[in-house]
Amino acid sequence: AQSVTQPDIHITVSEGASLELRCNYSYGATPYLFWYVQSPGQGLQLLLKYFSGDTLVQGIKGFEAEFKRSQSSFNLRKPSVHWSDAAEYFCAVGRTKAHNFNKFYFGSGTKLNVKP
Amino acid sequence: IAGITQAPTSQILAAGRRMTLRCTQDMRHNAMYWYRQDLGLGLRLIHYSNTAGTTGKGEVPDGYSVSRANTDDFPLTLASAVPSQTSVYFCASGEGADTGELFFGEGSRLTVL
């Protein structure tokens with residue numbers, strides 16, 4: 001069965017420090033991978049996605065993620081965190097495009113706190 | 001640009017009552033989804049619709065029903081609410097096969113007493 005694991009429930013980093021949020025997935029085929037961000041009281045917004053090709057993908061707000069098939073991972077990174085990055089981050093894996101993504105599986109989320 | 005509009009934003013409901021959460025999108029997306037978000041569980045898919053006139057069951061469909069009479073609207077109905085349906089509900093829509101991106105509403109917080 002498909003699943004997404006985000007092992008860190010909460011992470012606190014200092015402003016200006018680097019960030020890495022972990023995501024591991026279990027999926028039988030080549031996955032379509034996503035990272036979404038949710039600010040308090042808001043819906044989710046797409047940060048970046050991986051379908052194929054270059055395994056390092058760039059997203060909005062200075063985020064990037066690297067797909068590592070051998071580790072079944074899709075970790076999110078940012079070299080220098082800003083206070084406005086404090087939010088909850090969700091990793092997701094989607095089914096094939098032919099199925100119109102009606103089978104998205106979300107991780108349980110990682111809440112990021114940023115210290116001044 | 002409105003995107004996805006959900007209503008109500010918040011509701012307290014007595015157990016056993018019927019409730020419909022409304023969702024409207026103005027992006028002409030074919031695919032629409034209902035998720036519930038619970039602490040520690042992330043988002044779980046309740047129902048989805050790939051196109052107007054069709055619907056399908058997600059991971060946690062029991063106690064919920066949906067309809068998709070047209071492209072823009074995708075209401076979620078709780079026929080007889082129970083306390084375990086206390087949650088935050090998100091409606092989303094998608095452009096479909098080419099991008100895979102979901103666009104989310106701001107959520108409806110439902111409390112069933």
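**Let's talk about the overall build of chain B**
Line of reasoning, step 1. Helix and strand content of chain B: zero helices and eleven strands.
Line of reasoning, step 2. Along the chain direction, N to C, the helices and strands of chain B fall in the order β-β-β-β-β-β-β-β-β-β-β.
Line of reasoning, step 3. In summary, chain B has a C-alpha radius of gyration of 13 Å against a globular reference of 13 Å for 113 residues, a match within 12%.
Line of reasoning, step 4. Projected onto the principal axes, the alpha-carbon positions of chain B cover approximately 40 × 30 × 25 Å.
Line of reasoning, step 5. With 113 residues in all, chain B has 50% of them scored as buried.
Line of reasoning, step 6. Excluding contacts between residues fewer than 6 apart, the proportion of contacts in chain B whose partners are at least 24 apart in sequence is 52%.

**Observations regarding the layout of surface pockets**
Line of reasoning, step 1. What the largest pocket holds in volume is close to 430 Å³.
Line of reasoning, step 2. Lining the largest pocket we find 26 residues, and of these Gln38(A), Gly41(A), Glu88(A), Gln37(B) and Arg109(B) sit closest to its centre.
Line of reasoning, step 3. Here the second largest pocket defines a volume of roughly 320 Å³.
Line of reasoning, step 4. For the lining of the second largest pocket, the secondary structure elements donating two or more residues are strand 6 (44-50) of chain A together with strand 1 (4-7) and strand 10 (102-104) of chain B.

**Overview of the state of the cysteines**
Residue and element names in this part refer to chain A.
Line of reasoning, step 1. For the structure shown, the criterion picks out two disulfides over all chains.
Line of reasoning, step 2. Here Cys23 engages in a disulfide with Cys91; their sulfurs sit 2.0 Å apart. The S-S bond linking Cys23 to Cys91 shows a torsion near -65°; that makes this disulfide left-handed. Residue Cys23 is located in the loop between strand 3 (19-21) and strand 4 (24-26), and its partner Cys91 is located in strand 10 (residues 87-94); the two are separated by 68 residues in the primary sequence. By the burial criterion, Cys23 is buried, and Cys91 matches it.

**Considering the side chain of Arg68(B)**
All names here are of chain B.
Line of reasoning, step 1. Topologically, Arg68 is positioned in the loop between strand 7 (64-66) and strand 8 (76-78).
Line of reasoning, step 2. Put simply, Arg68 is tucked away with no salt bridge, and the nearest opposite charge, on Asp72, sits 6.7 Å away.
Line of reasoning, step 3. There is a polar contact of 2.8 Å between the side chain of Arg68 and the backbone oxygen of Asn30.

What counts as what
- Residues numbered from 1 in each chain as written.
- Chains lettered and ligands numbered in written order.
- Predicted model: local features only at pLDDT ≥ 70, side-chain atom pairs only at ≥ 80, totals over all residues.
- Heavy atoms only, no water.
- Helix = DSSP H or I, 4+ residues; strand = E, 2+ residues; numbered from the N terminus.
- Rg over C-alpha atoms; globule rule 2.2 N^0.38 Å.
- Buried < 20%, exposed > 50% of the residue type's maximum accessible area, 1.4 Å probe, protein only.
- Contact = heavy atoms within 4.5 Å.
- 1 Å grid on protein atoms, 1.4 Å probe; cavity = no way out; pocket = protein on both sides within 12 Å on 5 of 7 lines; lining within 4 Å.
- Points joined across faces, edges and corners; volume = space filled by probe spheres on them.
- Disulfide = S-S within 2.5 Å.
- Lys, Arg positive; Asp, Glu negative; His and termini not counted.
- Salt bridge = Lys/Arg side-chain N within 4 Å of Asp/Glu carboxyl O.
- Polar contact = N/O pair within 3.5 Å; in protein donor to acceptor, adjacent residues only side chain to side chain.

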